[in-house]
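# What the coordinates show
Each chain is listed here by its residues.
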Amino acid sequence: MARGPRITRFFLNQLHRNPFRVIWVLNVIICEFIVARYYMHSCSWPSTGKEGGKDVHVALIADPQLTDAYSYRMNPGTKLSLVEFYSDIYMKRNFKLLNARFNPDHIIVLGDLMDGGREWIRGPLREVMFPKELKRFNHIFVNPTTAPKLRYIPGNHDIGIATNILPEAYARFKKTFGKINYSFKIANHNIIALDTLSYLASAESPYFKKTESFLLNFLENDDAKSPRILLSHVPLYRPDAANCGPLRNNPPLKQAYGYQYQNLINQPLTTYILKNTKPVLVLSGDDHDDCAYVHNGPESEHKQIPEHSIKTFSWLQGNLYPGFALLSLNADVQGLQDTSGFQIGKCALPPQRDIYQWYIYLAGISFIGSFVWVFATRESWAPGIVNAGGSKGKKEDDASRRTTSGGKLSTLGVIIWTIVYGVVAFLEILLSTAVAYAVLLIYDWL
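Notes on the structure in this doc start here. Everything quoted here is computed from the prediction, not taken from an experiment.

## Some points on empty space enclosed by the protein
Within the structure shown, the criterion is met by 1 cavity of 30 Å³ or more. Its volume calculated, the largest cavity comes out at about 60 Å³. Every residue along the wall of the largest cavity is listed here: Met114, Gly117, Arg118, Phe130, Asp158, Ala169, Arg172, Phe173 and Phe177. The element contributing the most residues to the lining of the largest cavity is helix 7 (residues 167-177), with 4 residues. Looking at the lining of the largest cavity residue by residue, the classes come out as 5 nonpolar, 1 polar and 3 charged.

Okay, structure coming up:
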């Protein structure tokens, strides 16, 4: 017999025996394998439309912020391990797909690499937690292919902010991930990674002085012949309730302060940074949601400067609809103010919470449906069982002879058979689903 008909026959037999088992296996394949790939293939690199040079591609990831014990104040244990695992597997899967689908030339992470990163500098867990979290981060994002492409800027969860910059966390980030303030070129564009977190400190702060010294040195040595793109973890100032565009899910971004955070860079500092750096584009993170805003540049230049705040890459950091961005840069540009050499596109990631909620609904339906299906098809599960009060089945076996009322199965017998086989059917669903789910998770995890 040909393989195709045999597979079809096997599939139909399984569907007839326990349709919910087939439904669940297909459901897991769709939700854990196909959906993520559908989202990735729904996005594409934007084109600069330039004919004079090839576009260089940059993937932008913001606030992966590894969920940890600090995130939800959970003690070490099974619950925390599960939360960390499902946080990691989501980002691991999508980062693998991002690289397979888009193969970016560069990858920039816009800060907040870990949620509790700055916290792991004191107490008995100091020597334990950061290496553990770093291992998690590297497992998700760093491999021989991506390592040369990755660049980082610090976030407030990495080093603190303003007057609360933590010296040990600052030094550790620099040692582990590279320079805090730096610049580099991609496709004839100067990328300025500016530690605006330290710029919010007082002028006497050594960290403020480091950032100020870097910026002044950059401005002094740059020939001002190439467009500049500014990287800032915290978004620059804008009026409260300023429109963030159609891709935002949360209320408008506005200024607010709290423990080790500030939603926006102060207005005077924003003006100072824009006036001196004169960027054609600003990229930021921190807010965890999308925000597209246009700043007015210095009045003498009558210039508008777009800023794009990128969504968090994690589904467990306050935004149920995570995402990332794709930036195309072209070297065919002339001068500091040439805005024709870049295009940015926004990409969505799967709403994982919605998927898990769907699993819960389907589990309830499947549990009840298992017993209904067993009752409706009881002859195929246990030949000889007949309806209570009805006539006997075609097969005269021992089971039918032991029924009550002259060969008729009692109501209690029907109930017992339905419960027993219903439980068996539901356990079959759980086992088949667990096997399919485990295979897909292992595939993503490795």
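## A closer look at the nonpolar core
Soluble globular proteins: nonpolar side chains tend toward being buried together. The biggest cluster of nonpolar side chains holds 78 residues, and the ones touching the most others in it are Phe177, Phe313 and Phe324. Val56, Leu60, Phe184 and Ile344 belong to the second-largest nonpolar core, a separate cluster that totals 24 residues.

## Thoughts on the pattern of salt bridges
Going through the model one piece at a time under the given rule, you end up with 13 salt bridges. We note a salt bridge from glutamate 133 to arginine 136, for which the minimum N-O separation is 2.7 Å. Highlighted residues: glutamate 133 and arginine 136, both in helix 5 (residues 126-141), separated by 3 residues, approximately one helical turn. Residue glutamate 133 shares its accessibility class with arginine 136, and that shared class is buried. Linked by salt bridges that have partners in common, Glu84, Asp88, Lys132, Glu133 and Arg136 make up one network.

## Examining the packing of aromatic side chains
What the rule picks out here adds up to 26 aromatic pairs. Measuring from centroid to centroid gives 5.2 Å for tyrosine 199 and phenylalanine 208, while their planes differ by 55°, and the two rings are tilted. What links up through ring pairs into an aromatic cluster is the set Trp45, Phe95, Phe102, Phe137, Phe141, Tyr152, Phe173, Phe177, Phe313 and Phe324. When the ring centre of phenylalanine 33 is taken as reference, the NZ or CZ atom of arginine 37 above it lies at 3.7 Å. Above the plane of the ring of phenylalanine 130 lies arginine 172, whose end atom (NZ or CZ) is 3.9 Å from the centre.

## Quick notes on the sheet that holds strand 5 (residues 189-193)
The 6 strands are arranged 4-5-6-9-11-10 in an open sheet whose pairing can be described as mixed. The open sheet is flanked by strand 4 (182-186) and strand 10 (291-296), the only strands paired with a single partner. Here the average twist between neighbouring strands, direction ignored, is 20°. Sheet topology note: the strand 4/strand 5 ladder contains 5 bridges and is antiparallel. Across the sheet, residue lysine 185 finds its bridge partner in strand 5, namely asparagine 190. Across the sheet, helix 10 (residues 267-277) touches strand 5, strand 6 (228-232), strand 9 (281-284), strand 10 and strand 11 (304-309), and the angle it forms with strand 6 is around 150°.

## Quick word on the environment of serine 42
By the secondary structure assignment, serine 42 is in the loop between helix 2 (19-41) and strand 1 (56-61). C-alpha of serine 42 to C-alpha of cysteine 347: the two residues are 305 residues apart in sequence and 8.0 Å apart in space.

## A few points about the state of the cysteines
Considering all chains together, one arrives at 2 disulfides under this definition. Residue pairing for cysteine 43: its cysteine sulfur links by disulfide to cysteine 347, the two sulfurs lying 1.9 Å apart. Its S-S torsion of approximately -65° makes the covalent link between cysteine 43 and cysteine 347 left-handed. In this pair, cysteine 43 sits in the loop between helix 2 and strand 1 while cysteine 347 sits in strand 13 (residues 342-348), placing the two residues 304 residues apart along the sequence. Each sulfur in the disulfide pair cysteine 244 and cysteine 291 lies 2.0 Å from the other. In this structure the cystine formed by cysteine 244 and cysteine 291 twists about its S-S bond by roughly -70°; its chirality is therefore left-handed.

## Quick notes on unusual backbone geometry
Backbone geometry places aspartate 112, a non-glycine residue, at a positive phi of 55°. Inspection of the secondary structure assignment puts aspartate 112 in the loop between strand 2 (106-109) and helix 5. Within the chain, asparagine 188 stands out as a residue other than glycine whose phi angle is a positive 65°.

## Focus on the packing of helix 9 (residues 206-221) against helix 10
For the pair helix 9 and helix 10, interaxial distance at closest approach is 11 Å and the crossing angle is 25°. Classified by the interaxial angle, the pair formed by helix 9 and helix 10 is roughly parallel. Contact residues: helix 9 offers Glu212, Leu215, Leu216 and Leu219, while helix 10 offers Tyr272, Asn276 and Thr277. A class-by-class count of the residues in the contact of helix 9 with helix 10 yields 4 nonpolar, 2 polar and 1 charged.

## What about the sheet that holds strand 12 (residues 323-329)?
The strand order across the open sheet built from 5 strands is 3-2-1-12-13, with neighbouring strands paired in mixed fashion. The open sheet terminates on both sides in strands that have one partner only, identified here as strand 3 (150-152) and strand 13. Strand-to-strand twist in this sheet, taken as the mean axis angle between neighbours without regard to direction, amounts to 25°. One ladder, built from 3 bridges, connects strand 2 with strand 3; its direction is parallel.

What counts, and at which threshold
Residues numbered from 1 in each chain as written. Predicted model: local features only at pLDDT ≥ 70, side-chain atom pairs only at ≥ 80, totals over all residues. Heavy atoms only, no water. 1 Å grid on protein atoms, 1.4 Å probe; cavity = no way out; pocket = protein on both sides within 12 Å on 5 of 7 lines; lining within 4 Å. Points joined across faces, edges and corners; volume = space filled by probe spheres on them. Helix = DSSP H or I, 4+ residues; strand = E, 2+ residues; numbered from the N terminus. Nonpolar A, V, L, I, M, F, W, Y, C, P; charged D, E, K, R; others polar. Core = buried A, V, L, I, M, F, W, Y, C linked by side-chain atoms within 4.5 Å. Buried < 20%, exposed > 50% of the residue type's maximum accessible area, 1.4 Å probe, protein only. Salt bridge = Lys/Arg side-chain N within 4 Å of Asp/Glu carboxyl O. Phe/Tyr/Trp six-rings, centres within 6.5 Å; stacked < 30°, edge-to-face > 60°. Lys NZ or Arg CZ within 6 Å of the ring centre and 35° of its normal. Pairing = 2+ DSSP bridges. Axes fitted to C-alpha atoms, helices over the stretch in contact; angles between N-to-C directions. Contact = heavy atoms within 4.5 Å. Disulfide = S-S within 2.5 Å. Parallel < 35°, antiparallel > 145°, perpendicular 65-115°, else oblique.

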